[in-house]
Amino acid sequence: MLTPTQLQAVRDVVATGSLRTAARLLGYTPSAVSQQISSVERALGVQLFERSPRSVRPTAAGVQLARRAARLLAELESAEDELRSFAAAERGRLHLGSFWSAGFRLVPDVLAEFLRDRPQVDVRYEEGDPRTTVPAVSEGRLDLAVIFEYGMVPHNWPDDLETTLLLEEPLYVLVPTGHRLSRRKRIRVGDLSGERWICYREDTDAARSLLHICAEGGFRPEVLFRTNDYNLPFELVRKGLGVAIVPELALLASDEVHLIRLAGPSHVRRVFAVRRAADPNPFLDGAIRTLRTAADAIDAERRTRPEPPVAV
């Protein structure tokens, strides 16, 4: 197979018409350039130049190979430049996955930053819960995922993954205006034993978390309405059809729904960024820093805002 050095020799001798000039351009001796050309002629069984004591003249085969060499070497140079841009973190990919509420509150900052500052990076986003995004990270289909874990439903993530805690968000009980508990700022789970419940599907961590929380209060919840639409629980609560537990990132503003914070170290949902520990992607550290900045802003907002509204 022809080598880049051989191709350079043929290209530059044809372009300059001189072994000596081509050798000066390439940083070789004229003898070394001549040897490179001779090795091509022997390997291919074709004469590339007519030689005389004072000049070299390309044959038709030499001219054709020089044309090909120019294109091939330009492609090689382009490939080298492209790979250098990967090494300099100017080019590459960031495929990010997240569950819905974090995708709404945390992920946009990462997407906006990369699309603004690194336009040559292939940035993509895919929504999904941890059951789908964690395997996608392990298999390399996603570079990074934002996942959650309820305090009462812990997980053991695969050993090949590295997790970074972004946020520990409180859980809130949603009750409608005029509800018997709507003046409370904090609540004991046992006070909710007689309520009708609105919850997510049974196969979700949110539903499992509700069962554990209510068991801690000494009862099993009567779940009448199940949905995986994050907006619907608010509407059902607003209509007085039941109560629900929702994590902070999924809260919606509503004057007709009151929020009562569940106290206790296990009544939380933890949000993580997860990546493959051995992944060399140069964009991951920056993406995680941006996620942490967005999460810190949510923490700061919680500390400065007043207590959740209560009925008057």
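Look a little higher up for the structure.
Residues numbered from 1 in each chain as written. Predicted model: local features only at pLDDT ≥ 70, side-chain atom pairs only at ≥ 80, totals over all residues. Heavy atoms only, no water.

Student: Requested: an account of the overall build of the protein, with residues and values cited.
Tutor: Check the secondary structure of the protein and you find 10 helices and 12 strands. Radius of gyration (C-alpha) of the protein: 33 Å, far over the 20 Å computed for a compact globule of 312 residues. Judged by the C-alpha coordinates and their principal axes, the protein covers about 105 × 35 × 30 Å. Taken over 312 residues, the protein has a buried fraction of 45%. (Helix = DSSP H or I, 4+ residues; strand = E, 2+ residues; numbered from the N terminus. Rg over C-alpha atoms; globule rule 2.2 N^0.38 Å. Buried < 20%, exposed > 50% of the residue type's maximum accessible area, 1.4 Å probe, protein only.)

Student: Summarise the pairing of strand 8 (residues 196-199); cite the residues concerned and give the values.
Tutor: Looking at chain direction, strand 8 and strand 9 (residues 222-226) are connected through four bridges and run parallel. Its bridge partner lying in strand 9, Trp197 is registered against Val223. Handedness of the strand 8-helix 8 (residues 205-216)-strand 9 crossover: right-handed. (Pairing = 2+ DSSP bridges. Right-handed = clockwise from strand over helix to strand, strands pointing away.)

Student: I'd love a proper account of helix 8, names of residues and values included.
Tutor: With 12 residues, helix 8 should reach 16 Å at 1.5 Å per residue; the first-to-last C-alpha distance of 16 Å fits that figure. Residues Asp205, Ala206, Ala207, Ser209, Leu210, Ile213 and Cys214 constitute the buried set of helix 8. At its buried positions, helix 8 is contacted by strand 5 (144-150), strand 6 (161-176), strand 8, strand 9, strand 10 (244-247) and strand 11 (257-262). Of the residues trailing helix 8, Gly218 is marked for its positive phi of about 90 degrees. (Expected span 1.5 Å × (residues − 1). Contact = heavy atoms within 4.5 Å.)

Student: Can you lay out the packing of aromatic side chains for me, pointing to particular residues and giving the numbers?
Tutor: Here the structure, examined in full by the defined rule, presents four aromatic pairs. Centroid distance Trp100 to Phe104: 5.8 Å. Interplanar angle 5 degrees. Geometry classified as stacked. Residue Trp100 and its partner Phe104 are both found in helix 5 (residues 100-105); the two are separated by four residues, about one turn of the helix. For Phe104, a relative accessible area of 57% corresponds to the exposed category. Aromatic side chains Phe114 and Phe283 sit 5.8 Å apart centroid to centroid with 85 degrees between the ring planes, which places their arrangement in the edge-to-face category. Here Phe114, found in helix 6 (residues 107-117), pairs with Phe283, found in the loop between strand 12 (268-276) and helix 10 (284-304); they are 169 residues apart in sequence, far enough to count as distant. Each member of the pair Phe114 and Phe283 is classed as buried. (Phe/Tyr/Trp six-rings, centres within 6.5 Å; stacked < 30°, edge-to-face > 60°.)

Student: So what about the nonpolar core? Which residues, and what values?
Tutor: Formed by 63 residues in total, the largest nonpolar core has its most connected members in Leu106, Val146, Leu166, Val173 and Leu174. Setting aside its immediate chain neighbours within four residues, Val173 contacts Ile187, Leu192, Val243, Ala244, Ile245, His258, Leu259, Ile260 and Leu262. (Core = buried A, V, L, I, M, F, W, Y, C linked by side-chain atoms within 4.5 Å.)

Student: Outline the side chain of Thr227, listing residues and values.
Tutor: By the element assignment, Thr227 lies in the loop between strand 9 and helix 9 (232-238). A polar contact is formed between the side chain of Thr227 and the backbone nitrogen of Asp229, at a distance of 2.9 Å. For Thr227, the contacting residues outside a window of four places in its chain are Cys199, Tyr200, Arg201, Leu232 and Pro233. (Polar contact = N/O pair within 3.5 Å; in protein donor to acceptor, adjacent residues only side chain to side chain.)

Student: Can you lay out helix 2 (residues 19-26) for me, pointing to particular residues and giving the numbers?
Tutor: When we look at burial in helix 2, the residues that qualify are Ala22, Ala23 and Leu26. Down the axis of helix 2, the buried side of the element spans an arc of 100 degrees, and every buried residue falls inside it. Among the exposed residues of helix 2, those pointing more than 90 degrees away from its buried face are Arg20, Arg24 and Leu25. Contact partners of the buried residues in helix 2: helix 1 (4-16) and helix 3 (30-44). One side-chain oxygen of the residue at the start of helix 2 lies 3.2 Å from the amide nitrogen of Arg20, identifying that residue as Ser18. After helix 2 finishes, the residue Gly27 shows a positive phi value of roughly 80 degrees. (Arc of directions from axis to C-beta.)

Student: Before we move on, could you go through the pattern of salt bridges and cite the residues and values that matter?
Tutor: Side-chain pairs of opposite charge can arise where the charged atoms are in close proximity. Counted by the stated rule, this structure contains 19 salt bridges. Here Arg302 ties to Glu248 by a salt bridge, and the two come within 2.6 Å at their closest N and O atoms. Note that Arg302 is positioned in helix 10 and Glu248 in the loop between strand 10 and strand 11, a separation of 54 residues in sequence. A relative accessible area of 3% means that Glu248 is categorised as buried. Through salt bridges that share partners, Asp129, Arg131, Arg201 and Asp203 make up one connected network. (Salt bridge = Lys/Arg side-chain N within 4 Å of Asp/Glu carboxyl O.)

Student: Outline the state of the cysteines, listing residues and values.
Tutor: Counted according to the given criterion, the structure contains zero disulfides. Looking at the unpaired Cys199, the closest cysteine sulfur is the one in Cys214, lying at 8.7 Å. With a relative accessible area of 0%, Cys214 lands in the buried category. (Disulfide = S-S within 2.5 Å.)

Student: A description of a nonpolar patch on the surface should follow, citing residues and the corresponding values.
Tutor: Taken together, the side chains of Leu2, Leu44 and Val46 define a hydrophobic patch exposed on the protein surface, amounting to about 220 Å² of accessible area. Residue position: Val46 is located in the loop between helix 3 and strand 1 (49-51). (Patch = residues over 30% accessible without salt bridge, like charges linked within 9 Å, V, L, I, M, F, W, Y side chains within 5 Å. Areas by Shrake-Rupley, 256 points an atom, 1.4 Å probe, with all protein chains shown as cover.)

Student: Describe the side chain of Asp12, and please don't skip the residues or the numbers.
Tutor: Positionally, Asp12 belongs in helix 1. Taking relative accessible area as the criterion, Asp12 reaches 9% and is therefore assigned buried. Setting aside anything within four residues of it in sequence, one finds Asp12 in contact with Gly17, Ala22, Leu25 and Leu26.

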